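What follows is the residue order along each chain.
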Amino acid sequence: MTAKGMHFLITGGSGFIGSHLIDALLGDGAFVTVLDNLSTGRLANLAHVVADPRLRFVQGSVLDELVVDELVHRCDVVVHLAAAVGVKLIIEEPLKSLTTNIRGSEIVIESAHRYRKKILVASTSEIYGKNSTSPLREDAERILGTPSVVRWAYSTAKAVDEILTNAYHRERGLPTIIVRLFNTVGPRQSPAYGMVLPRLVRQAVAGLPLTVYGDGTQTRCFTHVADVVDALMRLLDHDGAVGQTFNVGSPREVSILELAKLVIEYTGSTSAVEMIPYHDAYEPGFEDMVRRVPDTARLRALTGWEPRLTLEDVLIQTIAEARAELAALRR
Ligand code: UDP
């Protein structure tokens, strides 16, 4: 991509996906400013690039209008990744999550409009709610439960981000791109916010039972973060992406029970699988999605993108990372 010499503002750049995107952008010769409040992001994710003179780190919140205004003003392109993420975190801190995801996004998108900067907004497959059609096209219906269930409130907050982004594009001509990410996984993903793959891997490596929620037949399509970053780079570089929404995800569907078995196989762990009812894992009234498979024809047709890494690649890398962490703890 032709990122060389361009200046990107990455909100949430110390997070899992943001830090990988920054590696790609710096590798292409871009200048990068990170805005991150280090709530779920970690400075350690950027430790290997922190000395790069083309990287600037600003610790701050997307809720801080003055900081956002100044940083957007100085950049060429905004990538808005900052958000409250992870089902566990969202259930534990619903109000904070909603404020970050609605007001924070509004501030960033408004600033992009003020200075007429291209903006890529990260959305989520949670948008589709309980729609278990396979595969899900971008125009698939959203099927949601009551907004008093936190998960659907989260889905709605992200939908508000998309609606606002689209409104700025259609009514004000703002160059926007929306991506809906499907279960991104890979190195640097924290197990702390509920994401299943890093959790199961840490459990297996530590010899603890692998916690499978519900009956384990629910499926997901896990996508290597390197493939997600590849998709973002292609979209950022393509004029045809402007004004559009894209699913980004692998077509390989795996049940959570199958995933647990794969984790046990790849770690050689003697851990057992422990089935935990949803109401114990989360809270009474919790609702899961039984299935979530992306249709990525739109992304492929425009950019030629295809996932190149497999779930097995993710497992090997995540297991190596978990073992290294454990070894460091024991030293
Ligand atoms: N899950 C699980 N054990 C865990 C964490 C999650 O079985 O320790 C399940 C979760 O209920 C869901 C799936 O794994 O069915 C994916 O969960 P995650 O939070 O990673 O992503 P999302 O639900 O947002 O797709």
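Residues numbered from 1 in each chain as written. Predicted model: local features only at pLDDT ≥ 70, side-chain atom pairs only at ≥ 80, totals over all residues. Heavy atoms only, no water.

## A word on helix H2 (residues 65–74)
Restricting attention to buried positions, one finds in H2 the residues Val68, Asp69, Leu71 and Val72. Check the buried side of H2 and you find it contacts strand E1 (7–11), strand E2 (31–36), strand E3 (55–59), strand E4 (77–80) and helix H4 (94–114). (Buried < 20%, exposed > 50% of the residue type's maximum accessible area, 1.4 Å probe, protein only. Helix = DSSP H or I, 4+ residues; strand = E, 2+ residues; numbered from the N terminus. Contact = heavy atoms within 4.5 Å.)

## Things to note about the UniProt feature "domain: NAD-dependent epimerase/dehydratase" (unreviewed entry) in the chain
UniProt marks residues 9–249 with the feature "domain: NAD-dependent epimerase/dehydratase" (unreviewed entry), using the numbering shown here. The span residues 9–249 is 39% helix and 19% strand, and its two end C-alpha atoms sit 24 Å from each other. (UniProt positions renumbered as here; feature names shortened; annotations may be inferred.)

## Things to note about helix H1 (residues 16–27)
For H1, built from twelve residues, the straight-helix expectation of 16 Å at 1.5 Å per residue is met to within 8% by its first-to-last C-alpha distance of 17 Å. Within the sequence span of H1, burial applies to Phe16, Ile17, Gly18, Ser19, His20, Leu21, Ile22, Leu25 and Leu26. Directly beyond the C-terminal end of H1, a positive phi value near 90° is found at Gly29. (Expected span 1.5 Å × (residues − 1).)

## Some remarks on the packing of helix H6 (residues 196–205) against helix H11 (residues 311–330)
Two elements in contact, H6 and H11, have axes separated by 9 Å at closest approach and are oriented at 55°. Here H6 lies oblique to H11, going by the angle between them. At the point where H6 passes H11, the crossing takes the right-handed sense. Of the residues in H11, those touching H6 at Leu197, Pro198, Val201, Arg202 and Val205 are Leu311, Val314, Leu315, Thr318, Ile319, Glu321, Ala322, Arg323, Glu325 and Leu326. A per-class count over the contact of H6 with H11 returns ten nonpolar, one polar and four charged. (Axes fitted to C-alpha atoms, helices over the stretch in contact; angles between N-to-C directions. Parallel < 35°, antiparallel > 145°, perpendicular 65-115°, else oblique. Left-handed = near helix turned anticlockwise from the far one by under 90°. Nonpolar A, V, L, I, M, F, W, Y, C, P; charged D, E, K, R; others polar.)

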